[in-house]
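Listed here are the chains, written in short residue letters.
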Amino acid sequence: MGEVDLELRRIRRQIARQDRRIASMRIKGRVTHVDDAARKLRMSIGTTADGQPVLSPWVGWAEPRSGAFSADHAPVKVGDPMVLDSPSGVIGTSSIARRDGYSGDNPAPSAAGDAVVEKTGSVTITKRADGLSIDVGGTSWSFSSEGLRQTGGTLEHDGHAIDKSHTHTDVEPGGGLSGPPV
């Protein structure tokens with residue numbers, strides 16, 4: 001075998017290694033294990049020839065925002081769709097998991113094009129350019145430049161209802177002062 005043949009083989013092997021690294025830079029999968037205390041997870045990133053899952057190493061996950069003035073925490077759960085980012089193409093502990101897009105079994109909390117919507121269980125927080133609304137199991141609060149509006153539920157302050165059933169003691173007609181709330 002001549003020098004040209006050896007060089008061509010070396011180049012083919014190098015291209016194959018580079019192709020594998022490029023293919024490993026971004027891999028979709030699902031979370032299989034979560035260690036909340038260590039802020040690490042493992043993902044199923046493929047299957048072997050006999051159908052067994054191929055698991056990533058333990059890696060950290062990206063949070064939506066973090067820093068001195070803004071911090072969010074969104075827990076990761078087993079089954080969540082994620083993308084494993086490995087910029088060098090080498091999957092390892094320096095890889096980071098990022099949340100993947102929505103799907104049929106992981107639907108978006110809203111189809112609104114003008115709002116940021118966060119949903120956790122029965123709590124939905126909707127932020128728009130002109131206001132904020134919070135809905136908890138059918139009771140809702142809307143904040144806007146016009147003020148605060150509550151729909152449903154009861155409103156209480158220091159053990160006293162201040163909703164539509166609110167009454168006072170010692171009510172005097174006209175400009176007199178009433179007593180404390182009942």
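From a predicted model like this one, the values you see are computed outputs, not experimental measurements.

What counts as what
- Residues numbered from 1 in each chain as written.
- Predicted model: local features only at pLDDT ≥ 70, side-chain atom pairs only at ≥ 80, totals over all residues.
- Heavy atoms only, no water.
- pLDDT = per-residue confidence, 0-100.
- Helix = DSSP H or I, 4+ residues; strand = E, 2+ residues; numbered from the N terminus.
- 1 Å grid on protein atoms, 1.4 Å probe; cavity = no way out; pocket = protein on both sides within 12 Å on 5 of 7 lines; lining within 4 Å.
- Points joined across faces, edges and corners; volume = space filled by probe spheres on them.
- Nonpolar A, V, L, I, M, F, W, Y, C, P; charged D, E, K, R; others polar.
- Contact = heavy atoms within 4.5 Å.
- Patch = residues over 30% accessible without salt bridge, like charges linked within 9 Å, V, L, I, M, F, W, Y side chains within 5 Å.
- Areas by Shrake-Rupley, 256 points an atom, 1.4 Å probe, with all protein chains shown as cover.
- Salt bridge = Lys/Arg side-chain N within 4 Å of Asp/Glu carboxyl O.
- Lys, Arg positive; Asp, Glu negative; His and termini not counted.
- Charge placed at Lys NZ, Arg CZ, Asp CG, Glu CD.
- Buried < 20%, exposed > 50% of the residue type's maximum accessible area, 1.4 Å probe, protein only.
- Pairing = 2+ DSSP bridges.
- Axes fitted to C-alpha atoms, helices over the stretch in contact; angles between N-to-C directions.

Caption draft 1: Region of interest: the confidence of the model for the protein. In this model, the protein carries a mean pLDDT of 86, and residues with pLDDT of at least 70 account for 95%. Element-level pLDDT for the protein is lowest in strand S13 (residues 160-161), with a mean of 80, against a maximum mean of 96 in strand S9 (residues 131-136).

Caption draft 2: The arrangement of the layout of surface pockets in detail. Put simply, the largest pocket is a space of about 970 Å³. Surrounding the largest pocket, 24 residues form its lining, Ala74, Arg99, Tyr102, Glu118 and Lys119 being those nearest its centre. Secondary structure elements with two or more residues in the lining of the largest pocket: strand S5 (81-85), strand S7 (116-120) and strand S8 (123-128). Across the lining of the largest pocket, the residue classes break down as eleven nonpolar, four polar and nine charged.

Caption draft 3: Summary view of the side chain of Asp85. Tracing the sequence through the fold places Asp85 in strand S5. Here Asp85 is in contact with Met25, Arg26, Ser95, Ile96 and Arg98, once residues within four sequence places are set aside.

Caption draft 4: Molecular detail of a positive patch on the surface. Side chains of Arg9, Arg12, Arg13, Arg17 and Arg20 sit close together on the surface and give a patch of like positive charge. You can see Arg9 is positioned in helix H1 (residues 3-23). The partly exposed category is assigned to Arg9, whose relative accessible area is 43%.

Caption draft 5: Seen up close, the pattern of salt bridges. Per the stated rule, a full pass over the model turns up six salt bridges. Here Arg10 and Glu7 are joined by a salt bridge, their closest N and O atoms 2.5 Å apart. Here Arg10 and its partner Glu7 are both found in helix H1, three residues apart, which amounts to about one turn of the helix. We classify Arg10 as partly exposed; its relative accessible area is 37%. Close ionic contact of Asp100 with Lys28 constitutes a salt bridge, the shortest N to O distance being 3.4 Å. Remark: Lys28 occurs in strand S1 (residues 26-35) and Asp100 occurs in the loop between strand S6 (96-99) and S7; sequence separation between them is 72 residues. A relative accessible area of 58% means that Lys28 is categorised as exposed. The structure contains a network of salt bridges with shared partners spanning Arg26, Asp85 and Arg98.

Caption draft 6: Spatial organisation of the sheet that holds S7. Strand order in the open sheet formed by five strands is S7-S8-S9-S10-S11, and the pairing between neighbours is antiparallel. Of all the strands in the sheet, the pair left with one neighbour each is S7 and strand S11 (147-151). Going from strand to strand, the sheet's axes swing by 10° on average, the running direction of each strand aside. Sheet topology note: the S8/S9 ladder contains six bridges and is antiparallel. Following the sheet pairing, Val123 is matched in S9 by Val136.

Caption draft 7: Representation of the pairing of S6 within the structure. Sheet topology note: the strand S4 (residues 59-61)/S6 ladder contains two bridges and is parallel. Among the inter-strand pairings, Gly60 is bridged to a residue of S6, identified as Ile96. Direction of pairing for S5 relative to S6: antiparallel, over a ladder of four bridges. Considered in S6, the bridge of Leu84 is made with Ala97.

Caption draft 8: Representation of the side chain of Ser140 within the structure. Position of Ser140 relative to the elements: it lies in strand S10 (residues 139-144). Residue class for Ser140 comes out buried when judged on its relative accessible area of 18%. With near-sequence residues (within four places) excluded, Ser140 lies in contact with Ile134, Asp135, Arg149, Gln150 and Thr151.

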